[in-house]
There are 2 protein chains.
Amino acid sequence: MSGIRTPDHDPDHVRILARLSGIVGPRHVLGGADAAPFCTDWRGLFTGTALAVVRPADAAQVAACVAACAAAGVAVVPQGGNTGLCGGATPQGGEIVLSLGRLNRVRDVDTVDLVMEVEAGVTLQATRLAADSAGLDLPLGIASEGSAQIGGVLATNAGGTATLRYGTARDLALGLEVVLADGRIWHGLRRLRKDNTGIALTKLFVGSEGTLGIITAACLRLVPAARAREVAFVAVASPEAALGLLGLLRRADGAALAAFEYISGAALRLALAQIEGLIDPLGTAAGHYVLVEMSSPRAEAALAPVLEAVLAEALEGGLVTDAVLAASEAQRTGLWRLRETLTEAQQRAGATVKNDISVPISRIPDFLRQAAVVCEARVPGLGVVPFGHFGDGNIHFNLMVPDASAAEDLMHAVGEVARGMGGSFSAEHGVGQLKTGLLAAWRGGVEMDMFAAIKGALDPRGVLNPGKILASTSRT
Amino acid sequence: MSGIRTPDHDPDHVRILARLSGIVGPRHVLGGADAAPFCTDWRGLFTGTALAVVRPADAAQVAACVAACAAAGVAVVPQGGNTGLCGGATPQGGEIVLSLGRLNRVRDVDTVDLVMEVEAGVTLQATRLAADSAGLDLPLGIASEGSAQIGGVLATNAGGTATLRYGTARDLALGLEVVLADGRIWHGLRRLRKDNTGIALTKLFVGSEGTLGIITAACLRLVPAARAREVAFVAVASPEAALGLLGLLRRADGAALAAFEYISGAALRLALAQIEGLIDPLGTAAGHYVLVEMSSPRAEAALAPVLEAVLAEALEGGLVTDAVLAASEAQRTGLWRLRETLTEAQQRAGATVKNDISVPISRIPDFLRQAAVVCEARVPGLGVVPFGHFGDGNIHFNLMVPDASAAEDLMHAVGEVARGMGGSFSAEHGVGQLKTGLLAAWRGGVEMDMFAAIKGALDPRGVLNPGKILASTSRT
């Protein structure tokens, strides 16, 4: 089972634990059963061992802990809400897990600068609520927002359903406070829209999965909250038709297009079967659906006529076979639930192979077709239940399989299809420890050399999150 | 004068020039008077010496040249259109200038993916025209677009008048092709909206001013071209009133707000005096003006009533004292000329001290006031002619001075005001060789150490653009 090593009488370990206990207080150093939940990722793919789980209260304590660990030759695994999908926050063997949940203050929401400053351990949901209560929006929507913490959201450069218009977490990060591998703190909490003084450290730390530094606070860009919203659920004739519909929407009002999410017919039927209370908003089953949202900060923006006109044109042209436009907030929420419950539905239905592919948007139809062919050739009769962020080129090409034995082979095969199209094997989930092999295989010499060189420059002793992104890092 | 060392019979130099000549062909190795324009920046602040100016034809030749220079222990200065404002593309002493103008193909414009692939030496103007002829827009507007080349635009992370909605060059770069310090090529020309496979190398190279690698091609994000536009020229009661107007516009339709540019009354009057054909669109002189643009890709977007309603409310509330809304494309162009000719007008009027400050948007009024006070205390009677990208917090706090002797002191004093507000001394112009001292003074130990560590990781022998961003780099 989960792997805190107890009892542990190694004198070196006793010494570092005493030191950490002195920094954060004894009740914030967890071992045994208390520590177990921190040593397994939430999908249960990885379980590691840790010397202890340490819960610092602020950046100064994080810095002191890292310095102590570096001095003792013990590696550190930063962890937020432990909602990652690639094991990036799970220890491998004998590290200290630094759990950042006590750094949980929203420091400031500025309605003139459209910026908020928030500590790493605040959940995404709490962060968004703080923005919302100031009439603003942090445009980042991921399923795990109730547990995911801002530090982890930034460390993995989370994406989600709002990236079509506003980009990923990296695009929203204006400045950071980061504890470095030597225990120093970088005070980079700038609130500037433009700052060309030196290379882009903030952009570099975002998405580095805790391997270059530990994010302890961030300044995030906010946008005016949407005050007009229209949501449609649309059955399209084919993936190509979905692409055509996307083009029509862009031409009609690309600036108002907030989401363009794809749901395969099989994924929708699985959700309807697994999740209570879901209702199929369209009468007849289709092979492919799209959820469209348009929104505007302007309450009077007349988006419904625009969306209706596009859908009418698309029906006329045979791209769309059926569509419904939500007439109330309750209906909008209902349509979004169809999309948001897909992961849970697949989880409930049993063994799933997950994928997190992206390809150039124009290649999505080819990708969906070819990936289905290669998977069915490998495991005849498997369930192909893809969905995802069509407007970003990001498809979760998930599969329902009788048992998990073929999982790696299938993941690899789907990846190769995307690779042939100039795609990515990880659009938004990161690399963690799950995909280090894929990273090395896909990216090859020049790029891997740069990754290793930058890792070596900022963490020469391999203190921070070893074995993540890069399979092997030099250890202290 | 300019500084090619000719005649030069140093056998090492003869050898490397022969080698470079073999790579690019003798007529693409320039010396003497031919090379002189490449050895001085366009403002004439810096003149360096170079062994030669070499004009490679493609990325392979760039790579071969860099490898040859690295082997010979000669440093390389990449140069695009030579329009930079901080001397970042000007050699200091004995480097090879690699001029990238022959890498001038627009490789592809994809109207489905909304991406274009373009080589480093294409001018920004030609790049934008290629996008435009496909019904798309590359939203980057800088005054030097006719000469500035994409490679330099990316290397300096250029900003300009379109960043309010779409961000800077970094935000538009999806993938890059880069020649590294050892002469290898990184083929990172991805066209993906989302790709979380390893750290953000593209974001790192953009803005690194040629010190980490030489960008030879890029995949850039495009947006649907605006098909509805409204431009207003507005006299505001004060900088605070401008801030109030910005708030009203955001609330009215923040998504359509494309530009919010500030022009001080003194800057406008100088432009009217210096530039033929400029017309003051408002009858009476004011202390502060704002140029507002709203735009939408939707031809039917009724932006004029929105803008008129906001201006009426602002007039009512005393924020705005006068305003005019352009009624035709010719009038829109005329209003924009007032903004676009400011730099040229100041250049013509004589000695200018330029600044490129950014502060949090909320601090702009305080900044304008305090900066004027400190400058007038230093040089009584000097001309304070600020303008800039108010909506981004980026003010060019320019000064007209009787002679240049006080320039550095004034630049420093203005900087200190911004620094006290959490600002930046270089919002969009970069560091180059002009501001290396400021960078070190402002950013201090932790940040400078990271810059140096990453420079050392990617260019351990100091081959690429030495003396830029970091004043001293280890040389081969």
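Superposition record for chain B on chain A: RMSD 0.0 Å, screw rotation 180°, translation along axis 0.0 Å. The two molecules are tied by a two-fold rotation axis, judged by turn and shift. Interface overlap between copies is the fraction of interface residues in one copy that are interface residues in the other; for chain B against chain A it reaches 100%, indicating a shared surface.

The next thing to look at is the pattern of salt bridges. By the definition in use, this model includes 57 salt bridges over all chains. Salt-bridge contacts for R229 of chain B lead to E329 of chain B; the nearest nitrogen and oxygen are separated by 3.0 Å. Here R229 of chain B is found in strand 13 (residues 228-236), whereas its partner E329 of chain B is found in helix 12 (residues 329-340), with 100 residues between them in sequence. With its nearest N and O atoms 2.8 Å apart, the salt bridge here joins E276 of chain B to R348 of chain B. Residue E276 of chain B is found in the loop between helix 10 (265-274) and strand 15 (288-296), and its partner R348 of chain B is found in helix 13 (residues 342-349); the two are separated by 72 residues along the sequence. For E276 of chain B, a relative accessible area of 55% translates into the label exposed. Connected through salt bridges with shared partners, the residues R105, R107, D108, E117, E119, E177 and R191 of chain A form a single ionic network.

Looking at where S424 of chain B falls in the secondary structure, it is placed in the loop between helix 15 (407-419) and helix 16 (436-458). Judged by its relative accessible area of 0%, S424 of chain B falls in the buried class. In the structure, S424 of chain B is positioned 19 residues away from R443 of chain B in sequence and 10.0 Å away in space, judged by C-alpha atoms. What S424 of chain B contacts, discounting residues up to four positions off in sequence, is L192, K194, D195, N196 and T197 of chain A together with D356, I357, S358, A418, W442 and R443 of chain B. A distance of 2.6 Å separates a polar atom in the side chain of S424 of chain B from a polar atom in the side chain of D195 of chain A.

In this section: the packing of aromatic side chains. Counted by the stated rule, this structure contains twelve aromatic pairs over all chains. Here F367 of chain B and F397 of chain B contribute two aromatic rings whose centre-to-centre distance is 5.5 Å and whose plane-to-plane angle is 75°, an arrangement assigned as edge-to-face. Here F367 of chain B, found in helix 14 (residues 364-378), pairs with F397 of chain B, found in the loop between strand 21 (394-396) and strand 22 (399-400); they are 30 residues apart in sequence, far enough to count as distant. When sorted by exposure, F367 of chain B lands in the same class as F397 of chain B, which is buried. Site record: aromatic cluster; members linked through ring pairs are F260, Y262 and F390 of chain A.

Moving on to the environment of G420 of chain B. Residue and element names in this part refer to chain B. Tracing the chain through its elements places G420 in the loop between helix 15 and helix 16. Exposure remark for G420: the relative accessible area of 65% places this residue in the exposed category. In this structure, the C-alpha to C-alpha distance between G420 and L272, residues 148 residues apart in sequence, is 34 Å.

Here the focus is the nonpolar core. Counting residues in hydrophobic clusters, the biggest one holds 196 residues, and the most contacted among them are F367 and F397 of chain A together with F367 and F397 of chain B. Within the second largest apolar cluster, 28 residues are counted, among which are V29, A63, V179 and V463 of chain A.

A word on the side chain of H429 of chain B. Within the secondary structure, H429 of chain B sits in the loop between helix 15 and helix 16. In this structure H429 of chain B touches N196 of chain A together with L85, C86, D356 and H396 of chain B, once residues within four positions along its chain are discounted.

This part is about the pairing of strand 6 (residues 106-110) of chain A. Residue and element names in this part refer to chain A. Pairing analysis gives four bridges linking strand 6 to strand 7 (residues 115-119), with the strands arranged antiparallel. Across the sheet, the residue bridging to D110 is V115, located in strand 7. The antiparallel hairpin formed by strand 6 and strand 7 contains four residues in its connecting segment, where L114 sits at a positive phi of about 55°.

Residue and element names in this part refer to chain A. Read from one edge of the open sheet, three strands run 17-22-19, paired in antiparallel fashion. At either margin of the open sheet sits one strand with a lone partner, and together these are strand 17 (352-353) and strand 19 (383-384). By the bridge criterion, two bridges tie strand 17 to strand 22 (residues 399-400) in an arrangement that is antiparallel. Across the sheet, T352 pairs through a bridge with M400, a residue of strand 22.

What follows is about the interface of chain B and chain A. With 80 residues of chain B at the contact, the number on the chain A side is 80 residues. A combined buried area of about 6200 Å² lies between chain B and chain A, and 60% of that area is made up of carbon and sulfur atoms. For chain B, the biggest contributors to the area lost against chain A are K194, N196 and I199 of chain B; these three give 14% of the whole. If you look at where chain B meets chain A, you find ten salt bridges. Notably, a salt bridge pairs D195 of chain B with R443 of chain A, separated by 3.4 Å at the nearest N-O pair. For the side of chain B that touches chain A, the elements supplying multiple residues, two or more each, are helix 7 (169-172), strand 10 (185-188), helix 8 (201-205), helix 9 (239-253) and helix 16 of chain B. When its residues are assigned to classes, the side of chain B that touches chain A shows 33 nonpolar, 25 polar and 22 charged.

This next bit is on the confidence of the model for chain A. Of all residues in chain A, 97% have pLDDT values of 70 or greater, and the mean over the chain is 94. For this predicted complex, the interface score ipTM comes out at 0.95, while the overall pTM is 0.96.

With that out of the way, let us pick up the pairing of strand 5 (residues 93-99) of chain B. Residues and elements named next belong to chain B. Burial within strand 5 is extensive, with six of its seven residues counted as buried. In this sheet, strand 5 lies alongside strand 3 (residues 49-54) in parallel orientation, the contact comprising five bridges. Bridging across to strand 5, V54 finds its partner in L98.

Given 3.6 residues per turn, any residue in an α-helix points the same way as the ones three and four places further on. Residues and elements named next belong to chain A. If you check which residues of helix 13 (residues 342-349) are buried, you get L342, A345 and Q346. An end-on view of helix 13 places all buried positions within 95° of arc, on one side of the element. Contact partners of the buried residues in helix 13: strand 14 (257-264), helix 10 (265-274), helix 12 (329-340), strand 17, strand 20 (387-389) and strand 22. Phi turns positive, to about 120°, at G350, one or two residues after helix 13.

Conventions adopted
- Residues numbered from 1 in each chain as written.
- Chains lettered and ligands numbered in written order.
- Predicted model: local features only at pLDDT ≥ 70, side-chain atom pairs only at ≥ 80, totals over all residues.
- Heavy atoms only, no water.
- Least-squares fit on C-alpha atoms with pLDDT ≥ 70 in both.
- Contact = heavy atoms within 4.5 Å.
- Salt bridge = Lys/Arg side-chain N within 4 Å of Asp/Glu carboxyl O.
- Helix = DSSP H or I, 4+ residues; strand = E, 2+ residues; numbered from the N terminus.
- Buried < 20%, exposed > 50% of the residue type's maximum accessible area, 1.4 Å probe, protein only.
- Polar contact = N/O pair within 3.5 Å; in protein donor to acceptor, adjacent residues only side chain to side chain.
- Phe/Tyr/Trp six-rings, centres within 6.5 Å; stacked < 30°, edge-to-face > 60°.
- Core = buried A, V, L, I, M, F, W, Y, C linked by side-chain atoms within 4.5 Å.
- Pairing = 2+ DSSP bridges.
- Buried area = accessible area lost by both parts, 1.4 Å probe.
- Nonpolar A, V, L, I, M, F, W, Y, C, P; charged D, E, K, R; others polar.
- pLDDT = per-residue confidence, 0-100.
- Arc of directions from axis to C-beta.

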